[in-house]
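# Survey of secondary and tertiary structure
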Amino acid sequence: MMNFGILGAGSIAGAMAETLSHMKEAKAYGVASRSFEKAEHFRKEHQIEKAYGSYEEMLEDERIEVVYIATPHAFHFEQARMCLEHGKHVLCEKAFTANAMQAEALITIAKERGLFLGEAMWTRFMPLIKKMKGLLRDGVIGEVKSMTANLNFPMLHKERLVKPELAGGALLDVGIYPLTMASLVFDAEPERIVATGILTEAGVDLMGQYTLIFPNQKMADLNSGMCSFSDGNAVLYGTMGQMLIEGTNCPRGIKVWDNSWNLIMDISAEEVADYDAGNLTGYEYEVRACVNAIVAGKQEFEEMPWKKTVSMMKWMDEIRNQMGVSYPFE
């Protein structure tokens, strides 16, 4: 069983701690926060063995093998670098870093030190997404020529999303999910990206619209925002039908229609869940992939390799550039 240290004590960290508490491959051994009181409260709440009042203290504990980073985007680079320099494997929440340059720098360090480094983009690891990719390979809706995807939540009350110094804005937090769906569907680099958005007074993106043109005359029309709700779905349009993915970030189901609007498939996430391995919160799939990669001596995910992480950061760099969003630390 592999010992995980959780860096950060917020809500996402709590979801990961809950997941790890039910897994046989890994456990949450420790949690670190800038406040010992906060870490200790988290430790008791989730029945974790150790609490640390600083990140450095946790990284000096030899019993910690992997660090899961669950802090705002702006801190990922420095914290992941610190973990790697202490000889720890790293599983870092999306968005992996604030920009592509930071992502490439971390990969260089991981390569040099022979450590695992992975982005916790949970969508890519879910069984229903693997089912979707299989259906597309089988041509159930023919060749996908275009798609839409969106994800919007009212989140202006969250400090980490409204401050430029925290790499705030909708794009890195929720926009990355429609972009990930486009990457999964087309598995190619876009030939062109056209982006527009509405910025807050502080200069982060309140909402954005992104059109990506892919080779062979294929297109993705995507949007995200942090001031309202949307259906949060993706629709793929093929030459022989269309496919609805219910839940762009956390897929709940797949529906497929033929060209005569006959519903020919209706698949729920439960139907394809890996119950034998434990179907818990959705985070277990990325954790299991992380542990398996480390045990096998691999430094990156098969499902989310370094080149994909860097690619997604470059897409978002270009979108931010077109929208006029920059962070003060860049």
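Attention here is on the structure that accompanies the text.

Cut-offs used in this document
- Residues numbered from 1 in each chain as written.
- Predicted model: local features only at pLDDT ≥ 70, side-chain atom pairs only at ≥ 80, totals over all residues.
- Heavy atoms only, no water.
- Pairing = 2+ DSSP bridges.
- Helix = DSSP H or I, 4+ residues; strand = E, 2+ residues; numbered from the N terminus.
- Axes fitted to C-alpha atoms, helices over the stretch in contact; angles between N-to-C directions.
- Contact = heavy atoms within 4.5 Å.
- 1 Å grid on protein atoms, 1.4 Å probe; cavity = no way out; pocket = protein on both sides within 12 Å on 5 of 7 lines; lining within 4 Å.
- Points joined across faces, edges and corners; volume = space filled by probe spheres on them.
- Nonpolar A, V, L, I, M, F, W, Y, C, P; charged D, E, K, R; others polar.
- Expected span 1.5 Å × (residues − 1).
- Bend = angle between axes of the 7 residues up to and from the residue.
- Buried < 20%, exposed > 50% of the residue type's maximum accessible area, 1.4 Å probe, protein only.
- Parallel < 35°, antiparallel > 145°, perpendicular 65-115°, else oblique.
- Left-handed = near helix turned anticlockwise from the far one by under 90°.

## Overview of the sheet that holds strand β1 (residues 2-7)
Paired through backbone hydrogen bonds, the strands of a sheet run either parallel or antiparallel to each other. Strand order in the open sheet made by the six strands is β3-β2-β1-β4-β5-β6, with parallel pairing throughout. Edge positions in the open sheet fall to β3 (50-52) and β6 (117-120), since each of these has one partner strand only. Across the sheet, the mean angle from the axis of one strand to that of its neighbour is 25 degrees, orientation sign disregarded. Sitting on the sheet, helix α1 (residues 11-20) is in contact with β1, β2 (26-32), β4 (66-69) and β5 (89-93), with an inclination near 165 degrees to β1.

## Brief notes about the layout of surface pockets
By volume, the largest pocket is sized at about 750 Å³. Those elements giving two or more residues to the lining of the largest pocket turn out to be α1, α4 (73-85), α7 (159-162) and α8 (170-186). When grouped by side-chain class, the residues that make up the lining of the largest pocket number 17 nonpolar, nine polar and eight charged. For the second largest pocket, the calculated volume is near 530 Å³. If you trace the second largest pocket, you find 23 residues lining it, with Lys133, Arg137, Ser183, Leu184 and Asp187 closest to the centre. Those elements giving two or more residues to the lining of the second largest pocket turn out to be α6 (127-137) and α8. In terms of residue count, the dominant contributor to the lining of the second largest pocket is α6 (five residues).

## Looking at α8
The end-to-end C-alpha distance of α8, which contains 17 residues, comes to 23 Å, matching closely the 24 Å that a straight helix rising 1.5 Å per residue would cover. The largest bend along α8 reaches roughly 45 degrees and is located at Ile176, with the proline Pro178 sitting one to four residues downstream. Counting buried positions over the 17 residues of α8 gives 17, a clear majority of the element. At the exit of α8 stands Asp187, carrying a positive phi of roughly 45 degrees.

## Examining the packing of helix α5 (residues 100-113) against helix α11 (residues 306-323)
Relative to each other, α5 and α11 sit at 160 degrees, their axes nearing to 8 Å. Relative to α11, the element α5 is oriented roughly antiparallel. In the packing of α5 onto α11, the handedness of the crossing is left-handed. For the pair α5 and α11, the contacting residues are Ala100, Ala103, Glu104, Ile107, Ala110 and Lys111 in the first and Trp306, Val310, Met313, Lys314 and Asp317 in the second. Its residues assigned to classes, the contact of α5 with α11 comprises seven nonpolar, no polar and four charged.

## Some words on the pairing of strand β12 (residues 241-246)
A large share of β12 lies buried, amounting to five of its six residues. When β12 meets strand β13 (residues 253-258), the two strands line up antiparallel, connected through six bridges. Its bridge partner being in β13, Gln242 is matched across the sheet by Trp257. A loop of six residues connects β12 with β13, the two strands running antiparallel in sequence, and Gly247 in this loop sits at a positive phi of about 105 degrees.

## Comments concerning α4
For α4, built from 13 residues, the straight-helix expectation of 18 Å at 1.5 Å per residue is met to within 8% by its first-to-last C-alpha distance of 19 Å. Of all the residues in α4, the buried ones are His73, Ala74, His76, Phe77, Gln79, Ala80, Met82, Cys83 and Leu84. Once α4 finishes, Gly87 follows within two positions and takes phi at roughly 80 degrees, a positive value.

## Here we look at the sheet that holds strand β14 (residues 263-268)
With mixed pairing, eight strands are arranged side by side in an open sheet as β8-β9-β10-β7-β11-β12-β13-β14. Looking at the sheet topology across the chains shown, the edges are occupied by β8 (192-199) and β14. Between one strand and the next, the sheet's axes are offset by a mean angle of 10 degrees, whatever the strand orientation. Taken strand by strand, α6 contacts β7 (144-152), β11 (234-238), β12, β13 and β14, and its axis lies near 155 degrees from that of β14. Packed on one face of the sheet, α11 meets β8 and β9 (205-214) and runs near 55 degrees to β8.

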